[in-house]
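Listed below are the residues making up each chain.
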Amino acid sequence: MTEWWKKSTVYQIYPRSFMDSNGDGIGDIQGIIQKLDYLSELGVDILWLSPVYDSPNDDNGYDIRDYYKIMNEFGTMTDFDELLNQVHARGMKLVMDLVVNHTSDEHAWFSDHPDFYIWRDQPTNWRSFFGGLAWDFHEERNQYYLHLFSKKQPDLNWENPELRNAVYQMMRWWLDKGVDGFRMDVINMISKDPQMKDAPNGDGSSQFMNGPNVHTYLKEMNKQVLSQYDIVTVGESPGTTPKEARDYTAAQNQELNMIFTFEHMDLDQASGEKWDLKPLDLIDLKENLEKWQHGLHDEGWNSLYWNNHDQPRIVSRFGNDQQWRVESAKMLATCLHFMQGTPYIYQGEELGMTNVKFGSIAAYKDIETLNMYKEKQQAGVSHDDIMKKIYTKGRDNARTPMQWSDEENGGFSTGTPWIQVNPNYTEINALKYRDPNSIFQYYKKLIALRKNMDIITYGDFTLLHREDEELFAYRRSWQDETLTVYCNFSSKSKRITRLEGKKIIGNYPRHTDEDEWVLKPYEAMVYYQQ
Ligand code: TEU
Ligand code: CA
């Protein structure tokens, strides 16, 4: 099978916040259908849907109650089938989120097949990702069950072959319907060390991330399911090194096509805790991405992303969401899209959508954010300090509704949105996406270039100006071609030496004086030479 996903660009849709077609304030499948022409115009190849399955929404669909049913709020299976057809009719592919490290505690398995879950008489001291102990007591059974995420997301017991077969059967059911692959939620956590022991600071991750049998299970899944279809797979894998990533993604290992690493998303935190804020040092970012570019160059494959539904908006995070919003959004896109790997665009990134600052905690919806607020408040942290953490890192930054227009609610809904729209929708929205200078059009060019230039897919990567704290520059080389990418991560002008070749893309309409060779604030430019 061809590795078509190596030349593809993926667009992630968070359905709850994408487009509401019926005015109940919640995005839905018909809403996605209404916007398919917009996505097709952008030129993306693959749409990845965050979970649309039946769920009590303790974690916005990442707690699945029924894998074979569509969430009522999003529509019906008929709507889903129509979406799949409409996506295919436009030559795009549709990838589903596969959440099989855990289910909802309301899934029928939890009462009918308790042996599908993980039970102990005594809990370990592990802390859950969403705060508190990762174990909860079950009265009837008189035992504790493991939940790495919320209490309502009990972890599945992958050691049980019956459970594995039930998962494979479900995967085949969706693939037989015609979906084009899976994004696998925390797939590197499905194998727990059977010894489960207390861990320093309650951080049990070395006992459940990349655990003892994870490769055995993925090889089995590949053999029984994935290899039978022409699909793409991407495994979400926090806490994974390039060496482990090669084990997951090298073609001869027959596991996954690519994974999501988190290292570059953790560089602006001062400790193992995401809320422990620290400014980004650009040299850390450059060296980290260089390590991944080299680590997966010959074997395995990278996914390239700045954003998803769990991360703050990149233009607010590593760019400048005020004076240089448009420039820095395009610069960040340039920096990422000329690397080797498959790029992912998260909804709204193509508009330069920003983080949000709600004044009251009551406006926030994310379980991780709300639990953290309570815990920190109990620990005596001030309201203002907690809000600063939420403004910088909270997941709801990515989850405010898509800003389609300057109409009420940004054109997302005629009702009351489930989460408030970012008040900047009057300025930042999709109305002018056809303007040749829009961020959207810039992304469109990047996506098209990747399709037409093999060097972007296959070339090797050399970091330039390693010591420069504001400039991210690199060279790609392939046969007798080179691409030189220069990105200014600062609001200062920076003098550089003349670049050879032809400029193929840049985020300033025209370089004022090509002889001077000064990079303007957040300027990006790419030169091609043969
Ligand atoms: O996230 C996995 C994960 O590791 C989280 O800890 C993530 O890093 C965190 O949200 C960042 O603050 C996946 C999903 O992407 C996330 O939305 C779910 O909440 C989680 O799994 C549980 O399914
Ligand atoms: Ca709706």
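Here the structure is a predicted model, which is why all the values come from computation and not from measurement.

### Describing the confidence of the model for the chain
Taken as a whole, the chain shows an average pLDDT of 97; of its residues, 99% reach a score of 70 or greater. This prediction of the complex comes with two scores: 0.98 for pTM and 0.97 for ipTM.

### Some details on the environment of Thr462
Turning to its location among the elements, Thr462 is positioned in strand β14 (residues 460-464). Between the C-alpha atom of Thr462 and that of Tyr474, which follows or precedes it by 12 residues, the distance is 5.5 Å. Contact partners of Thr462, with chain neighbours within four places excluded, come to Tyr474 and Arg475.

### Here we look at the packing of helix α8 (residues 242-249) against helix α9 (residues 282-295)
Interaxial distance between α8 and α9 falls to 10 Å at its minimum, and their mutual angle equals 35 degrees. As for the relative orientation of α8 and α9, their crossing is right-handed in sense. Two secondary-structure elements touch here, α8 through Pro242, Ala245 and Arg246 and α9 through Lys291, Trp292 and Gly295. When its residues are assigned to classes, the contact of α8 with α9 shows 3 nonpolar, 1 polar and 2 charged.

### Observations concerning the pairing of strand β7 (residues 135-138)
The side chains of a regular strand alternate, first on one face of the sheet and then on the other. By the bridge criterion, 4 bridges tie β7 to strand β8 (residues 143-146) in an arrangement that is antiparallel. Bridging across to β8, Trp135 finds its partner in Leu146. The hairpin formed by β7 and β8 contains 4 residues between the paired strands, and Asn142 there has a positive phi angle of roughly 60 degrees.

### What to know about the nonpolar core
If you look at the biggest cluster of nonpolar residues, it comprises 118 residues, and the most contacted ones within it are Leu47, Val95, Leu332, Val485 and Cys487. If one sorts the elements of this core by residue count, helix α11 (residues 325-337) sits on top with 6 residues. Core analysis: the next-biggest nonpolar cluster, separate from the first, contains 6 residues, Tyr364, Tyr373, Ile386 and Ile390 among them.

### Some points on the site of ligand 1
Taken together, 14 residues lie near ligand 1, and Tyr62, Phe129, Phe149, Pro238 and Asp310 sit nearest. Broken down by class, the residue content of the shell around ligand 1 amounts to 6 nonpolar, 1 polar and 7 charged.

### Comments concerning the sheet that holds strand β6 (residues 119-120)
Taken in spatial order, the 3 strands line up as β6-β8-β7 in an open sheet, and their pairing is antiparallel. Lying at the two open borders of the sheet, with one neighbouring strand each, are β6 and β7. As paired elements, β6 and β8 share 2 bridges and run antiparallel to each other. Paired with Trp119 across the two strands is Tyr145, which belongs to β8.

Conventions adopted
Note that residues are indexed from 1 along each chain, following the sequence as it is written. To read the labels, note that chains go from A and ligands from 1, taken in the order they are written. Thresholds applied to this predicted model are a pLDDT of at least 70 for local features of residues and 80 or more for the giving and counting of side-chain atom pairs; totals over whole chains, interfaces and linings are not thresholded and use all residues. The quantity known as pLDDT measures the predictor's confidence residue by residue, on a range of 0 to 100. Helix and strand definitions here come from DSSP, where helices need a minimum of 4 consecutive H or I residues and strands a minimum of 2 consecutive E residues; each element is numbered from the N-terminal end. By definition, residue pairs are in contact when their C-beta atoms, positioned from the backbone, come within 7 Å. Orientation is described by axes fitted as lines to C-alpha atoms, over the contacting stretch for helices, and by angles from 0 to 180 degrees between their N-to-C directions. Should the near helix be turned counterclockwise from the far one by less than a right angle, the crossing is left-handed, whereas a clockwise turn marks it as right-handed. Amino acids are sorted into nonpolar (Ala, Val, Leu, Ile, Met, Phe, Trp, Tyr, Cys and Pro), charged (Asp, Glu, Lys and Arg) and polar (every other residue, Gly among them). Think of it this way: DSSP has to see at least two bridges between two strands before they count as a pair. In this usage, the nonpolar core is the set of buried Ala, Val, Leu, Ile, Met, Phe, Trp, Tyr and Cys residues whose C-beta atoms join them within 7 Å. Whether a residue is buried, exposed or partly exposed is read from the other C-beta atoms within 10 Å of its own C-beta, which are placed from the backbone; 20 or more gives buried, 12 or fewer gives exposed, and intermediate counts give partly exposed. Here is the check we use: build the C-beta atom from the backbone, and if it is within 6 Å of the molecule or strand, call the residue near.

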